[in-house]
Every structure is written in C-alpha cells, then in structure tokens.
Amino acid sequence: MTRAMIDPARVKIAPSILASDFSDLAGELRRIAEAGADWAHLDVMDGHFVPNITFGPPVIAKMRSKSDLPFDVHLMIEHPERYVADFVKAGADMVTVHAEACTHLHRVLGQIRETGAKAGVVLNPHTPVNVIENVLDLVDMVLIMSVNPGFGGQKFIPAALGKVARVREMLVAAGLASAVEIQVDGGVDEKTAPACIAAGATCLVAGTAVFGKPDYAAAIAALRK
Ligand code: DX5
Ligand code: ZN
C-alpha cells in the first residue's frame, strides 16, 4: 500500500443525503453544514443503472436554494451525457459519472468541464482502475465505490482500499496528486475511515454514519480521526 501523506483532519467529509430525512432536506442541509460537512453528496438513481430511484434536477434546484454547501452529484444513471447540463443548471458543483455508464467517457468528462462544473469519474467494485488511466487529466475527482451502488447502509468492501492506493500511485506518477481528489463511497464509518485515509483517500462519503447518528458534528469529527 502506498504511504499517503493525508492529514486526517483535512480530509473532506461529504454526507450522503440518501440517508437523510427527505421530508426536511432544507433542515438536513443546514444541520450538516453547521456540523462541519465540506460538501453535500447527492445520489441520483434512475432505476436502470442501479435498482433504486431517488431524485433529479428539480429537487436539486430546490435544495440549491436552501444551501451554500458545494453539491457533489453522483450520477447512477444510464446515458448521463443527456442530463449533465440539467444537473449543472440545477446547482451541481461537481458531476461524477460512472465509467461503466459511459461508452465515450472521455467525451462526457470534457462535456462536464465545458459547463464550468468539476468532473468526477466513479468505478464500481468490479471495475479495474486502469480504465481511467487515459482520462486522469480530465477529472477533478476519482470516486472508488466500496459497495455496489444503489443503496445506503451496505457493508464496506475492503478490496476498495487497494484500488484507492493504486489510483493515488497513478495520480502521483502523472503529477496530479494535489489536483485530483480521491473519494470513497459506501460503508464508510469510523471503523473503515482510517484505512481509507491511510490508502490515500482525500474525501469520504458517509450516509448512515452521519445521518444515522443523533449528533452530526460528532459523527463527522469521528470520521476525520
Ligand atoms: C450508494 C450511494 C452512497 C450511499 C452511501 O449507492 O452511492 O452514497 O448513500 O451510504 P452509506 O454511507 O450508508 O453506505
Ligand atoms: Zn454516492
């Protein structure tokens, strides 16, 4: 495993709204901002790419009017290229697309950046990291899934750690280590977070581990330890 020089205190925490109270999104966004969240992670699911359905641009636009947090939008949808402009218009600061959902990944990442938003690429647990070797200069973030996407509250898949370390090695070799975030999503809690950070993660997504706790500030602080 690569030795990473990430200071845990500086790791970004992106609570996943999927585990929040959907009937009070404005309140939940305010509470995570006050609790020290860096970004809000918004999980968009279409019932095709993943077997679950969440929300789309109209809901994000309403959330945008209630929060100044950067919106990190994780698209678990087929044909994301058809909707990039709509999500950016709704208020996405970062749009992350699955490599598995993009036949023309290089083109889609360029399309996201052309809108002025940041671009992220995400890999499912079975997808090897070498598929992103030729697009590293087009991304602001690489997201390594540590569960199969579709649902919150699943068990962390430890093989994700080796992938995080390999992505970090690739970024260091390309001279991009300080420019590109490495995010981990799925089953991240206070037990699994330290290994993610040790492997090189700079941003952790956490749904259940934040919204499932009574004290969001304490939950976020525990992930940074
Ligand atoms: C899963 C989503 C995750 C999910 C994480 O498909 O991409 O962002 O909300 O939830 P936890 O942290 O509960 O595993
Ligand atoms: Zn997610």
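That block above? That's the structure.
These figures come from a predicted structure and were not determined experimentally. (Residues numbered from 1 in each chain as written. Chains lettered and ligands numbered in written order. Predicted model: local features only at pLDDT ≥ 70, side-chain atom pairs only at ≥ 80, totals over all residues. Heavy atoms only, no water.)

1. With respect to the coordination of the zinc ion (ligand 2)
Then, in step 1: Protein coordination at the zinc ion (ligand 2): the donors are His41 (NE2), Asp43 (OD), His74 (ND1) and Asp185 (OD), at 2.1 to 2.3 Å from the metal.
Then, in step 2: Between consecutive donor residues of the zinc ion (ligand 2), the sequence gaps follow H-x1-D-x30-H-x110-D. No difference in accessibility class separates His41 from Asp43, as the two residues are buried. (Donors = N, O, S within 2.8 Å, 3.2 Å for Na, K, Ca; no water. Buried < 20%, exposed > 50% of the residue type's maximum accessible area, 1.4 Å probe, protein only.)

2. Brief notes about the site of ligand 1
Then, in step 1: As a matter of local geometry, ligand 1 sits amid 20 residues, with Ser16, Gly150, Asp185, Gly207 and Thr208 nearest to it.
Then, in step 2: Contact distances for ligand 1 include 2.7 Å between an oxygen atom and a side-chain N or O atom of Asp185.
Then, in step 3: One nitrogen or oxygen atom from the main chain of Gly187 is found 2.8 Å from an oxygen atom belonging to ligand 1.
Then, in step 4: Protein chains shield 99% of the accessible area of ligand 1, which is 380 Å² for the free molecule.
Then, in step 5: When each cavity is represented as a set of grid points, ligand 1 is found to reside in the largest pocket.
Then, in step 6: Among the secondary structure elements, those contributing two or more residues to the shell around ligand 1 are strand S2 (40–45), strand S3 (71–76) and strand S8 (203–206).
Then, in step 7: Among the elements that take part in the shell around ligand 1, S2 stands out by supplying three residues, more than any other.
Then, in step 8: Residue classes in the shell around ligand 1 are distributed as eight nonpolar, 10 polar and two charged. (Near = heavy atom within 4 Å. Polar contact = N/O pair within 3.5 Å; in protein donor to acceptor, adjacent residues only side chain to side chain. Areas by Shrake-Rupley, 256 points an atom, 1.4 Å probe, with all protein chains shown as cover. 1 Å grid on protein atoms, 1.4 Å probe; cavity = no way out; pocket = protein on both sides within 12 Å on 5 of 7 lines; lining within 4 Å. Sits in = over half its atoms within 2 Å of the grid points. Helix = DSSP H or I, 4+ residues; strand = E, 2+ residues; numbered from the N terminus. Nonpolar A, V, L, I, M, F, W, Y, C, P; charged D, E, K, R; others polar.)

3. Considering the pairing of strand S7 (residues 181–185)
Then, in step 1: Counting buried positions over the five residues of S7 gives five, a clear majority of the element.
Then, in step 2: As paired elements, strand S6 (residues 141–145) and S7 share five bridges and run parallel to each other. When the sheet's bridge partners are listed, Leu143 is paired in S7 with Gln183.
Then, in step 3: Crossover S6 to S7 through helix H5 (residues 159–173) is right-handed. (Pairing = 2+ DSSP bridges. Right-handed = clockwise from strand over helix to strand, strands pointing away.)

4. Focus: the environment of Val139
Then, in step 1: Within the element layout of this structure, Val139 appears in the loop between strand S5 (118–123) and S6.
Then, in step 2: Residue class for Val139 comes out buried when judged on its relative accessible area of 2%.
Then, in step 3: With 18 residues separating them in the primary sequence, Val139 and Val121 have C-alpha atoms 6.9 Å apart.
Then, in step 4: Each residue touching Val139, except ones within four places of it in the same chain, is listed here: Leu109, Arg113, Ala119, Val121 and Val180. (Contact = heavy atoms within 4.5 Å.)

5. A word on the pattern of salt bridges
Then, in step 1: The tally for this structure, following the rule as stated, stands at eight salt bridges.
Then, in step 2: The partner of Arg30 in a salt bridge is Glu34, and the shortest N-O contact between them spans 3.9 Å. In this pair, Arg30 and Glu34 are both assigned in helix H1 (residues 25–34), four residues apart and thus about one turn of the helix distant.
Then, in step 3: Judged by relative accessible area, which is 45%, Arg30 ranks as partly exposed.
Then, in step 4: Counted as one network, the salt bridges with shared partners bring together Asp24, Glu28 and Arg31. (Salt bridge = Lys/Arg side-chain N within 4 Å of Asp/Glu carboxyl O.)

6. Re unusual backbone geometry
Then, in step 1: A positive phi is found at His79, a non-glycine position, where the angle reads about 50°.
Then, in step 2: Relative to the helices and strands, His79 is located in the loop between S3 and helix H3 (84–90).
Then, in step 3: Note on His79: relative accessible area 36%, which makes it partly exposed.

7. Here we look at the layout of surface pockets
Then, in step 1: Its volume calculated, the largest pocket comes out at about 380 Å³.
Then, in step 2: Surrounding the largest pocket, 29 residues form its lining, Gly152, Gly153, Gln154, Gly186 and Gly187 being those nearest its centre.
Then, in step 3: Of all the secondary-structure elements, those providing two or more residues to the lining of the largest pocket are S2, S3, S8 and helix H7 (208–211).
Then, in step 4: Across the lining of the largest pocket, the residue classes tally to 14 nonpolar, 11 polar and four charged.
Then, in step 5: Estimated volume of the second largest pocket: approximately 230 Å³.
Then, in step 6: Of the residues belonging to the lining of the second largest pocket, the class tally is six nonpolar, two polar and four charged. (Points joined across faces, edges and corners; volume = space filled by probe spheres on them.)

By themselves, these figures tell us nothing about what the structure is for.
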